[in-house]
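# Summary of the model geometry
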Amino acid sequence: MSAVPESTTKTPTDTGLALPANLQPDNPLWRFALAFWQFDNVQAQCLALQQQGWSVTRLLSAGWLALNGRRYSGLEDATVTEWRERVTGALRAIRQALPKADAEPGKFRAGVASLELDAERIELALAWQTLTTNDPETGDMQGSRELIRANLVAAAPTAGAADRMRPQLNTLAGTLAAFSKGDLQP
């Protein structure tokens, strides 16, 4: 075995994501997401939007902010986007590639689905931390339906995407307008 000259020795680099030490996975945005997901048609509408390139966590963030009278700019911290692309998206792609019907792959698929949900929880924790650190513009409480719609449109992946998905957004907006905030304040 020959020695490698010191000048050509590669040092390992950390390619992992840098997450905040004070990340709070159990937060008001997560509790809102769990409660909102239980309403009729919310899951179906969110997943239909996801199939068209929308981020469900962006939609949930936009809705939560609207319920709290705050505007969603559509901008998010790079860590949230990177986590979604590198972790949540990767787990989703793996889950979707696995067969649904077979017993053994089905068990593995269920395990990956559970990991995907955990990744979404961390993604929402990252989003919550950003949303509560930054001070988005406060909306007009008298126009809560308009604020809800504007926030959902701001969550669109591209300009014009909201127009193509108007029925799904209208369903989500109607559910959000009727949603009781409870302890879901920021």
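Check the entry above for the structure.
### Overview of the pattern of salt bridges
As enumerated under the stated definition, the model contains nine salt bridges in all. Between Arg58 and Glu76 there is a salt bridge, with its nearest N and O atoms 3.7 Å apart. With Arg58 in helix H3 (residues 56–67) and Glu76 in the loop between H3 and helix H4 (78–97), the pair connects residues that are 18 residues apart, well separated along the chain. Judged by relative accessible area, Arg58 falls into the buried class, the value being 11%. For Asp163, the salt bridge is made with Arg166, and the minimal N-O distance between the two is 2.9 Å. Since its relative accessible area comes to 56%, Asp163 is described here as exposed.

### Here we look at the environment of Ala178
By the secondary structure assignment, Ala178 is in the segment after helix H8 (166–177). Each C-alpha atom of the pair Ala178 and Leu67 lies 9.9 Å from the other, and the pair is 111 residues apart in sequence.

### Observations regarding H8
Over its 12 residues, H8 runs 16 Å from end to end, which matches the ideal 16 Å to within 8%, given 1.5 Å per residue. In the core, the buried residues of H8 are packed alongside helix H1 (28–37), helix H2 (42–51), H3, helix H6 (144–154) and helix H7 (161–164).

### What to know about the packing of H2 against H8
Interaxial distance between H2 and H8 falls to 9 Å at its minimum, and their mutual angle equals 140 degrees. Relative to H8, the element H2 is oriented oblique. Crossing hand, H2 versus H8: left-handed. Facing Val42, Gln45, Cys46, Ala48 and Leu49 of H2, the residues of H8 in contact are Gln168, Leu169, Thr171, Leu172 and Thr175. For the contact of H2 with H8, a count of residues per class yields six nonpolar, four polar and no charged.

About the thresholds
Residues numbered from 1 in each chain as written. Predicted model: local features only at pLDDT ≥ 70, side-chain atom pairs only at ≥ 80, totals over all residues. Heavy atoms only, no water. Salt bridge = Lys/Arg side-chain N within 4 Å of Asp/Glu carboxyl O. Helix = DSSP H or I, 4+ residues; strand = E, 2+ residues; numbered from the N terminus. Buried < 20%, exposed > 50% of the residue type's maximum accessible area, 1.4 Å probe, protein only. Expected span 1.5 Å × (residues − 1). Contact = heavy atoms within 4.5 Å. Axes fitted to C-alpha atoms, helices over the stretch in contact; angles between N-to-C directions. Parallel < 35°, antiparallel > 145°, perpendicular 65-115°, else oblique. Left-handed = near helix turned anticlockwise from the far one by under 90°. Nonpolar A, V, L, I, M, F, W, Y, C, P; charged D, E, K, R; others polar.

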